[in-house]
Every structure is written in C-alpha cells, then in structure tokens.
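Chain residues, written in single-letter form:
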Amino acid sequence: YLLDYCPEETRAIQKGIDFLVSQATNENGTYVWQWLKNPPKEEDYHPPDTDDTMRVRLVVEKALRRGFEVPGEFEHFDYKEFLLPLMADDGAICTYIRDSHSGSCPIVNTNILQALTLIGGHDEIRSKIKGYLENVADSASFDPDIFTEQSRYYISPLFPVYVLSKTIAKDPDLFSTE
C-alpha cells in the first residue's frame, strides 16, 4: 500500500521490505515465502507456497523500481523457472512449492495472475493461468463455496473478486472475448 499511495514514507517502506526479506526461506537457491514462517501453533504451519511468494515478489519488484534497498540475492528472480515446474497441464499452479502434486485452487492462481500482471510480462504463464481460471469458472462442478472456505486467509471473502478486478483493470484484454 505504502509503495503505491505513500511513496514519501520511505522509512516505513524500507522497514516493511526488510521485514519481508527476513521472512524468506531459501529453497534450493530460490527465496520463497509462506503463511507464518514461525507460527505459534503447529497446526498453523504451512510450507512455502506460490501465491505468498508471488505477492512478496510483487512488493520486491515495486521496491526495486522505486530505488529501495533490497539485498542482492533478492534482486533477480526467474519466474518461468519458478512457476513452470509447478504448473499442471491445465495451467493450474499448485499451492505448495515443495509438492508439485499438492493441488491448487482458483484463489491461489488468481493471486499469482495478479502479481504477474502487475509485475509485467510473462504472457505465456499468464495465458495458461487465465485458461485454467476460465475452465474452473465454466465447469459444471465449480463450487463457489471454495471462496468462502478460503476466505479465512483474507480480510474479506470478497478479496479474490477484488484481486481479479484489479488484474483486469491493469490488463483489460486479459479476459477479452476476442
């Protein structure tokens, strides 16, 4: 938020960036993030996941573009190398980084799509995720309750809709009917 709407708050922004960097986990030379790196209870532990990583990468990319200090090992990130091994044939990217068979959900893929859209480029990956999301939405077995079930991770159950609307606003042709 501060990066986009309060760029003059440089100390607070740098402190936030430093915190995010401190929460990274090195997975075979790639820095990734997870929901609660050190959770208070064992049942709150989740391994590093793709959408948390992509949302932090979005902040890192914005910070780099605006000249903030980011440790060198976080400056370059190969999105293709990171995401393609986690992508299923239908374009869905699995949730957990350590397990390419961990399954996926539309919310995770919506978050990844938004991050890639705002970062820019990566059209091949975005197109595959878009195809997956379209197939999910068109599926006779689509269960809208998944958004309610997953909403415990978000401030509002409408968060996925907000993310998707921001993604489309940034790239109106992404879901073009043409």
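Placed above this text is the structure.
Presented here is a report on the structure given in the accompanying data block. The structure displayed is predicted, hence computed values, not measured ones. (Residues numbered from 1 in each chain as written. Predicted model: local features only at pLDDT ≥ 70, side-chain atom pairs only at ≥ 80, totals over all residues. Heavy atoms only, no water.)

1. A few points about the pattern of salt bridges
- This structure, assessed with the given rule, holds nine salt bridges.
- For Arg-126, the salt bridge goes to Asp-123, with nearest N and O atoms at 3.7 Å. One end of the pair, Arg-126, and the other, Asp-123, are both in helix H6 (residues 123-138), three residues apart, so they sit about a helical turn from each other.
- The exposure class assigned to Asp-123 is exposed, which follows from its relative accessible area of 54%.
- Lys-130 is the salt-bridge partner of Glu-134, the closest N and O atoms lying 3.5 Å from each other. On the criterion of helical spacing, the pair formed by Glu-134 and Lys-130 is a turn pair, its members being four residues apart in helix H6.
- Overall, the relative accessible area of 29% leaves Glu-134 in the partly exposed class.
- A relative accessible area of 18% means that Lys-130 is categorised as buried.
- Residues participating in the shared-partner salt-bridge network are Asp-4, Lys-62 and Arg-66. (Salt bridge = Lys/Arg side-chain N within 4 Å of Asp/Glu carboxyl O. Helix = DSSP H or I, 4+ residues; strand = E, 2+ residues; numbered from the N terminus. Buried < 20%, exposed > 50% of the residue type's maximum accessible area, 1.4 Å probe, protein only.)

2. Observations concerning the packing of helix H5 (residues 106-119) against H6
- Between H5 and H6, whose axes approach to 10 Å, the crossing angle comes to 145 degrees. Crossing angle aside, the handedness with which H5 passes H6 is left-handed. The segment H5 lies against H6, with Pro-106, Asn-109, Thr-110, Ile-112, Leu-113, Leu-116 and Thr-117 engaging Ile-125, Arg-126, Ile-129, Tyr-132, Leu-133 and Val-136. (Axes fitted to C-alpha atoms, helices over the stretch in contact; angles between N-to-C directions. Left-handed = near helix turned anticlockwise from the far one by under 90°. Contact = heavy atoms within 4.5 Å.)

3. Section: H5
- The first and last C-alpha atoms of H5 sit 20 Å apart over 14 residues, in line with the 20 Å expected at 1.5 Å per residue.
- Most of H5 is tucked away, with 13 of its 14 residues classed as buried.
- Downstream of H5 by a residue or two, Gly-120 has a phi angle that is positive, lying close to 100 degrees. (Expected span 1.5 Å × (residues − 1).)

4. Thoughts on the environment of Ser-22
- Position of Ser-22 among the secondary structure elements: in helix H2 (residues 10-22).
- What makes Ser-22 partly exposed here is its relative accessible area of 42%.
- Linking Ser-22 and Lys-37, residues 15 residues apart in sequence, is a C-alpha distance of 9.8 Å.

5. Digging into the nonpolar core
- Counting 27 residues, the largest nonpolar core has Met-54, Phe-82, Leu-83, Ile-93, Ile-112, Leu-116 and Ile-129 as the members making the most contacts within it.
- A per-element tally of this core places H5 first, with seven residues.
- Dropping the residues within four chain positions of it, Ile-93 is found in contact with Thr-50, Leu-83, Leu-86, Met-87, Ser-104, Val-108, Asn-109, Ile-112, Ile-125 and Ile-129.
- Counting residues in hydrophobic clusters, the runner-up holds twelve residues, among them Ile-13, Val-21, Val-60 and Val-70. (Core = buried A, V, L, I, M, F, W, Y, C linked by side-chain atoms within 4.5 Å.)

6. A few points about the packing of aromatic side chains
- The full count for this structure, using the stated rule, is four aromatic pairs.
- Where Phe-77 meets Phe-82, the ring centres are 5.2 Å apart and the plane angle is 65 degrees; that geometry is what we call edge-to-face. Phe-82 shares its class with Phe-77; the two are buried.
- Clustering of aromatic rings is evident, with ring pairs tying together Tyr-31, Trp-33 and Phe-74. (Phe/Tyr/Trp six-rings, centres within 6.5 Å; stacked < 30°, edge-to-face > 60°.)

7. Quick look at unusual backbone geometry
- A positive phi angle, close to 55 degrees, is found at Asn-28, a residue other than glycine.
- Residue Asn-28 is classed as exposed on the basis of its relative accessible area of 80%.

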